[in-house]
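Structural overview
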Amino acid sequence: MRLTATTSTLVATIIAALSLTSSVHAEEFWSEKDVSIVPQTFKITNLLRTLDLSKPIIREITSAAVQNIHTDQNQTDYYFPVDQAYSDNLSFITAENRKTKEVLEVTKDDEFYDAQFQYYRIKLATPLPPGEKVQITVRTSLTNIIRAFPTHVGQAEKQKFIFFGNPFALTAYPATKQKTTVITPNNVLEVHEHPEEVDVVVKNNQVILGPYNDVNSLEHGIFEVQYEMTGAVPHIRSLRREIEVSQWGNNLAVEEHYNFVNRGAELKGQFSRIDYQRNPMGIREGNGVLGFQTKIPKLARDIYYRDEIGNISTSAIAHQPDHIQLMLKPRFPLFGGWNTTWYIGYNTPLDGYLRKVTGTDKYILKVPAIAPMPDTTYEDVEIRVVLPEGAKNVKAVLPYEVDEIEYSTTKTYMDSAGRSTVTILASNLIEDHAQDLFIEYEFSQTSYLTKPLAAATMLMAIYATSIVFSRLDFKIGGSTLKK
Amino acid sequence: MEKLESLETESSMLMAKRPYLRKEIQLLEQFAAIMSSESSSTVARVLKPTILILIAVVAISSRLFSIIRFESVIHEFDPWFNYRTTQHLVKNGFYDFWNWFDEKSWYPLGRVVGGTVYPGIMVTSALIHNVLHFFNFPVDIRNVCVFLAPMFSGLTAFSAYLLTKELKDSSAGLLAAAFLGVAPGYISRSVAGSYDNEGIAIFLLVFTFYLWIKAVKTGSAFFGLLTALFYFYMVSAWGGYVFITNLVPLHAFTLLLMGRFSNRLYVSYSTFYAVGTLLSMQIPFVGFQPTRTSEHMAALGVFGLLQLYAFAELVRGYIPPKQFKALLKGGIAAVVIIASVGLTILSFSGVIAPFTGRFYSLYDTGYAKIHIPIIASVSEHQPTAWTSFFFDLQMLIFLFPAGVYLCFKELKDEHVFIILYSVFASYFAGVMVRLMLTLTPVVCVSAAIAYSTLLDTYLETSEHVLASTKPAIAVTPATPAVIEAPTAATSETKVAGKKAAAKAAAAAAASAAAAAKSTEADAKAHAKATADGEKKRFPIFNLDSRMLVILQLTWFLFMFAWHCTYVTSGSYSSPSIVLASRQQDGSQMIIDDFREAYYWLRKNTKEDAKVMSWWDYGYQMAGMANVTTLVDNNTWNNTHIATVGKAMSTSEEVSYKVLRQHDVDYVLILFGGVIGYSGDDINKFLWMIRIAEGVYPSDVKETNFFTPRGEYKVDHDATKTMRDSLMYKMSYYRFAELYGGGNAVDHVRNARMPSEGPTLSVLEEAYTTENWLVRIYKVKDLDNLGRDLKDSTAFDKGRVRKVSSLKKK
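Residues numbered from 1 in each chain as written. Chains lettered and ligands numbered in written order. Predicted model: local features only at pLDDT ≥ 70, side-chain atom pairs only at ≥ 80, totals over all residues. Heavy atoms only, no water.

Further remarks concern the overall build of chain B. A count of helical and extended segments in chain B gives 38 helices and 12 strands. Residues counted as buried form 53% of the 809 residues belonging to chain B. Residue pairs in contact within chain B that sit at least 24 positions apart in sequence constitute 72% of those at least 6 positions apart. Of the roughly 36,100 Å² that chain B leaves accessible, carbon and sulfur atoms contribute 62%. (Helix = DSSP H or I, 4+ residues; strand = E, 2+ residues; numbered from the N terminus. Buried < 20%, exposed > 50% of the residue type's maximum accessible area, 1.4 Å probe, protein only. Contact = heavy atoms within 4.5 Å. Areas by Shrake-Rupley, 256 points an atom, 1.4 Å probe, with all protein chains shown as cover.)

Listed below in structure tokens is the structure:
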């Protein structure tokens, strides 16, 4: 093991302990060479990988120049491997043709996966003839990988993080040349790597690994970066987003329930208000969250921000040209490891979200899946869309894969049959998932009359009962009242 | 950029209705005038319900200030417990609620909730909630709880109408309803969010009394039964049911003494007592009290007395008077001896429990202060200041005696009841601020009687006299002269009183009858009837003198409505968990420190964390912070409260032992020194000391907290005991640093604090809210090396100093 940066005894012991576990993995990697199970139809002539660690969510950009080495066949499917150990961390993946900027279709492949790797199939827009080259950029977003080190920091102290990763870009095909650049938010503190022969250049906030020549497919190694990162690691344990459509009232009611935790380094000891108030701005926050920024539609009204015990009075809204910026301040600053929950809600006119397919009873609802909050990870997301009573043939169309879509009915104010409800369950989302989802349903004109009729029937029933009741006489003798 | 405020649709809707408050009262007055004739015309039939509905609307909407200003939230302290139990009831069902053992309060003792609560209010809300949910109205239980008291205030106004109608007429009833709807004395306990027993209990009180009067009037077992049922509801809702338990028998007893025993009284009281007592014993918290405690003995005694009396009446009918007299003498002597001996034996042997301390303090206001400091420490148990009578009742307080006087003039059975009610309620209201609540209904009823009598007198017009006399005469087969005569008489004697007019009419009728002999008897009877009907009326025909009085009365009504609105909005509509203040630019600043601290505890401490605080905040902590508390507002165990007082008022070493013994994880205190909030713990500290001294006289001494000059000081002059006490240390820990070391000023007590603040070794600061209002400390664990915590803290500090000094070199 080679240490490139300064060492202290404390760090060394911990590193030793950490590398013990990682070396076990490494042992496995080298004992049996991993072999790519996808058809070896490509060769990577050059590959550039950027690992962006400047935010809690890690963005990896892999740009590969790919050559079709098959002798006579045009190729359309390029495979991108992802370590199964990271399958829970992989939140978002896209691919594009680097030259034409065309977005390429990426699907999780059902055929090519094993215990070690899951392959994603990237479909080229035009089949690649033999010998030809194409440049493909794959962007992945990884969540929950970095960990705070040390795990506890003081109120105004700076927190440090450790990132473990593969110094090589993981490829399904052999690469003639590849290079990885790691970007950290601040100066790199320490870098350790394995195997030792890899070359490392540390430049301020960058670590450059490689370039390496003739790297095998699925080449593995370990490297570790320690760096400083200020600010919180916002994480939403669960988000329940309820969208209620009212065609009568031309209203879209949105309510979002958040369960939040700051995953930054935990607060050492206890919170001191006096230290917090005395420290200058910028230092006093430490890794605490003082507020959240979120966008809501421009025409939103009746905005509220509450939690389990009532209204949270500390919030502000700013009207922007195309949206309303909500600045939500939690009741207390959220230091590392601190939790809170809250919910917000608002009403907005339905016009902008609902379209009728002309000539039919069909409606299409277009709403954003989540309201994006920057650098935030969402663990469990439940989106409930409640459609008007009488909506039939409901179908949800989503821009990405989710865990589950359920169709059910909900009964609320003045309902007789219940409203069709779509429940979408998803996990490990990030702000990139804040795309529109579409819900198609049929709603006939006569359904508009259900509610007034139900209300009228109820009133009629009440009146009829009171008529009958007032005519009943239960007396068992002459009235004693008149005496 | 604008402030985002809680937007409640209901509140914005009701906001619009508020300005109508005064207008409605004004309209009401006019309507009441129209209806004073008791005519059963269609107009009156439509107007009465409309007015009542409007009164209910006014009553409800004037209670919504806090929702409009703040939000739909549960207020104060006790309502948080009721809210928490209601949530439990809704979530887990009735049986689970009944058997609920709450291990989160009174740690480590716990509390059997089902057996120690009056479940009425929780069951009512849960029922409303479940019915609404059954009809697919998913109303949040919080909103049901918040709006329960205002809704019931509408019903209270309605029952005041019914009660007063029984005493006088429906115009007085409407006035009483309007008065009770907005009287601050009642609003103080029934604003939206004030989810407390009193919220529904006052309705039940008034309605039970109405049913009782109805039962006495009619002698109907049915109404007696209804009285018993509502009495049961009242028992299930509020400890104040004892008031009914004593007032109703007292009424029966008084009637008996007045020689007004009747079968009506016998039937109604027997039905009420038998059914009501059996039903009330079904509430676990009441249990066998109706047969075993002194507070309930009067009811039992009167029940027995009535039986004996009825029996005597029965016997009297069958035997000659002489023998009966002898029998009666012997019987009374025997009963008195048996009863007094039996009662004494039972009282001394402990079968009948003596009066409770709270009851004694009603008799002797100084009692609690000496014997039970915990009762005296509650502000609502203090004797009422004279001004607060006017503050809570305004003009009603001087109309009240007039109304009682008018009751004396009538003095039917029901008027006796109102007189008794007013005498006793006045006394109790004078003894305890809280009992102003029971006085308010009777004040409203009496005042309405007085006010309505005034209106009757001064609004009566000649046309009215005509209208009421005409039909009576029209049916007589007398000649047209008979009809003309009173008309002429009325027009002639416009200035004269009504009595004169009636007399004239009678005279005219009599003279006409003399001409037609055959109809003489008829005419005489009618003339008499007319005179009887108008006997009480004094119509004043001079417009100017009428206007003078009417305008004045109207002005009083305006002032009353204005005063009620002002008091409600200014004094009784603060949720007390949120404080509001004005900033220099006039904008509202919300101080939300309580919820900040509670929510921090709720989200960032371990689930079973035990938090010690003074008992005032126990219910709020359980409800909002969801933590285990040591003591709370259900002050049933004085020793436990004293233990907490001891932990707060002794030195760190002594209190650490107490804290460890009770597994305390956090200690929560209120400190208002930074923003000048006077209700903080240092100001309550003397009560903690007193209560602790009562149980631990060797550890805590009140005198040690006073300076030699007898002052209660926190600054340089503070005594050593004071400065060593945990409460003092927690309050002022690092307080001086906020002012940069010098010139630290405690804004509540206007004290200049020493620049060197107290140090803590057994606690560490865990959380302090934005305005320092709530400070939470964590109890340190035992030292790893077995050292004293004081030593280890000093050692840690010392080391830090050494290192920093080394670095400097």
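On to the overall build of chain A. Regarding its fold elements, chain A presents 3 helices and 31 strands. Taken over C-alpha atoms, the radius of gyration comes to 29 Å for chain A, far larger than the 23 Å a tight globule of 483 residues would show. Once the C-alpha set of chain A is aligned to its principal axes, its extents read approximately 110 × 70 × 45 Å. By the burial criterion, 48% of the 483 residues in chain A qualify as buried. For chain A, the share of sequence-separated contacts (at least 6 apart) that also reach a separation of at least 24 residues comes to 76%. Within chain A, one finds 48 positive and 57 negative side-chain charges whose respective centroids are separated by 10 Å. (Rg over C-alpha atoms; globule rule 2.2 N^0.38 Å. Lys, Arg positive; Asp, Glu negative; His and termini not counted. Charge placed at Lys NZ, Arg CZ, Asp CG, Glu CD.)

Across a sheet, strands are paired by hydrogen bonds formed along the backbone, either parallel or antiparallel in direction. Residues and elements named next belong to chain A. Read across the sheet, 4 strands follow the order S25-S26-S31-S28 without closing on themselves; strand pairing throughout is antiparallel. Lying at the two open borders of the sheet, with one neighbouring strand each, are strand S25 (354-356) and strand S28 (392-397). Looking at each pair of strands side by side, their axes are set apart by 20° on average, direction ignored. By the bridge criterion, 4 bridges tie S28 to strand S31 (residues 436-442) in an arrangement that is antiparallel. Note on S31: the bridge partner recorded for Lys-392 is Glu-442. (Pairing = 2+ DSSP bridges. Axes fitted to C-alpha atoms, helices over the stretch in contact; angles between N-to-C directions.)

The next point concerns the UniProt feature "domain: STT3/PglB/AglB core" (unreviewed entry) in chain B. The residues that UniProt annotates with the feature "domain: STT3/PglB/AglB core" (unreviewed entry) are residues 610-660 of chain B. Annotated as residues 610-660 of chain B, this span is 57% helix and 10% strand, and its ends, taken at the C-alpha atoms, are 11 Å apart. (UniProt positions renumbered as here; feature names shortened; annotations may be inferred.)

Within this structure, the stated rule accounts for 49 salt bridges over all chains. Across the pair Asp781(B) and Arg660(B) runs a salt bridge whose closest N-O atoms are separated by 3.2 Å. Of this pair, Asp781(B) sits in the loop between strand S12 (774-779) and helix H38 (789-808) while Arg660(B) sits in helix H34 (residues 652-661), placing them 121 residues apart in sequence. On the accessibility criterion, Asp781(B) (56% relative accessible area) is exposed. A single salt-bridge network, built from bridges that share partners, covers Asp307(A), Arg331(A), Glu71(B), Asp592(B) and Arg595(B). (Salt bridge = Lys/Arg side-chain N within 4 Å of Asp/Glu carboxyl O.)

On the surface, Asp380(A), Asp403(A), Glu404(A) and Glu406(A) cluster together into a patch of negative charge. Within the secondary structure layout, Asp380(A) lies in strand S27 (residues 377-389). (Patch = residues over 30% accessible without salt bridge, like charges linked within 9 Å, V, L, I, M, F, W, Y side chains within 5 Å.)

This brings us to the side chain of Glu652(B). Residue and element names in this part refer to chain B. Along the chain, Glu-652 turns up in helix H34. By relative accessible area, which is 4% here, Glu-652 ends up buried. Once residues lying within four places of it in the same chain are set aside, the contact partners of Glu-652 are Asp-724, Leu-726, Lys-729, Thr-759, Leu-760, Ser-761, Val-762 and Leu-763.

On to the interface of chain A and chain B, then. Opposite the 43 residues of chain A that make contact, chain B presents 40 residues. When residues of chain A are sorted by the area they lose upon contact with chain B, Gln270(A), Arg273(A) and Ile309(A) head the list and together hold 18% of the total. Our count for the contact surface shared by chain A and chain B stands at 6 salt bridges. Applying the counting criterion to the chain A and chain B interface returns 21 residue pairs in polar contact (both at pLDDT 80 or more). For the side of chain A that touches chain B, the secondary structure elements donating two or more residues are helix H2 (273-278), strand S20 (301-307), strand S21 (310-311), strand S22 (315-319), strand S23 (323-328) and strand S24 (339-349) of chain A. The element best represented in the side of chain A that touches chain B is S20(A), accounting for 6 residues. Here the residues of the side of chain A that touches chain B are counted per class, giving 18 nonpolar, 14 polar and 11 charged. (Buried area = accessible area lost by both parts, 1.4 Å probe. Polar contact = N/O pair within 3.5 Å; in protein donor to acceptor, adjacent residues only side chain to side chain. Nonpolar A, V, L, I, M, F, W, Y, C, P; charged D, E, K, R; others polar.)

As a further point, take the environment of Val351(B). Residue and element names in this part refer to chain B. If you trace the backbone, Val-351 turns up in the loop between helix H18 (321-349) and helix H19 (357-363). As for Val-351 and Thr-293, which are separated by 58 residues in sequence, their C-alpha atoms are 8.2 Å apart. When sequence neighbours within four positions are dropped, the list of residues in contact with Val-351 reads Arg-292 and Leu-346.

What follows is about the pairing of strand S4 (residues 579-582) of chain B. Residues and elements named next belong to chain B. Across 4 bridges, the pairing between S4 and strand S5 (residues 588-591) is antiparallel. Opposite Ser-581, over in S5, you have Met-589 as the bridge partner. The turn joining S4 and S5, which pair antiparallel and follow one another in sequence, is formed by 5 residues; a positive phi near 90° is taken by Gly-586.

Let's shift gears to the side chain of Arg595(B). Looking at where Arg595(B) falls in the secondary structure, it is placed in helix H31 (residues 593-604). Leave out the neighbours within four places in its chain, and Arg595(B) touches Ile309(A), Gly310(A), Asn311(A), Arg331(A), Glu71(B), Val73(B), Ile577(B), Val578(B) and Met624(B).

With that settled, consider helix H3 (residues 42-61) of chain B. Here H3(B) is 20 residues long and its end C-alpha atoms lie 29 Å apart, about the 28 Å a rise of 1.5 Å per residue gives. Every buried residue of H3(B) is listed here: Ala44(B), Leu47(B), Ile51(B), Leu52(B), Ile55(B), Ala56(B), Val58(B), Ala59(B), Ile60(B) and Ser61(B). (Expected span 1.5 Å × (residues − 1).)

Another aspect to go through is the packing of helix H23 (residues 396-410) of chain B against helix H25 (residues 436-459) of chain B. Residues and elements named next belong to chain B. Put simply, H23 and H25 touch, their axes get as near as 7 Å, and they point 75° apart. Classified by the angle between their axes, H23 and H25 sit roughly perpendicular to one another. Between H23 and H25, the contacting residues are Leu-396, Ile-397, Leu-399, Phe-400, Ala-402, Gly-403, Val-404, Leu-406 and Cys-407 on the first element and Leu-439, Val-442, Val-443, Cys-444, Ser-446, Ala-447, Ile-449, Ala-450, Tyr-451 and Thr-453 on the second. (Parallel < 35°, antiparallel > 145°, perpendicular 65-115°, else oblique.)

In this section: unusual backbone geometry. For the peptide bond that leads from Phe149(A) to Pro150(A), omega is 0°, which places it in the cis range. Relative to the helices and strands, Pro150(A) resides in the loop between strand S8 (147-148) and strand S9 (152-153). Along the chain, Tyr107(B) connects to Pro108(B) via a cis peptide bond; the corresponding omega equals 0°. Relative to the assigned elements, Pro108(B) resides in the loop between strand S2 (101-102) and strand S3 (111-112). With a phi angle near 55°, Asn144(A) is a residue other than glycine that sits in the positive phi range. Positioned with a positive phi, Leu218(A) is a non-glycine residue whose angle comes to about 55°. Among the secondary structure elements, Leu218(A) is positioned in the loop between strand S14 (206-215) and strand S15 (222-228).

Moving on, we get to a nonpolar patch on the surface. On the surface, Phe253(B), Leu257(B), Leu305(B), Leu308(B) and Val335(B) cluster together into a nonpolar patch covering about 400 Å² of accessible area. For the nonpolar patch, the elements supplying multiple residues, two or more each, are helix H14 (241-257) and helix H17 (297-316) of chain B.

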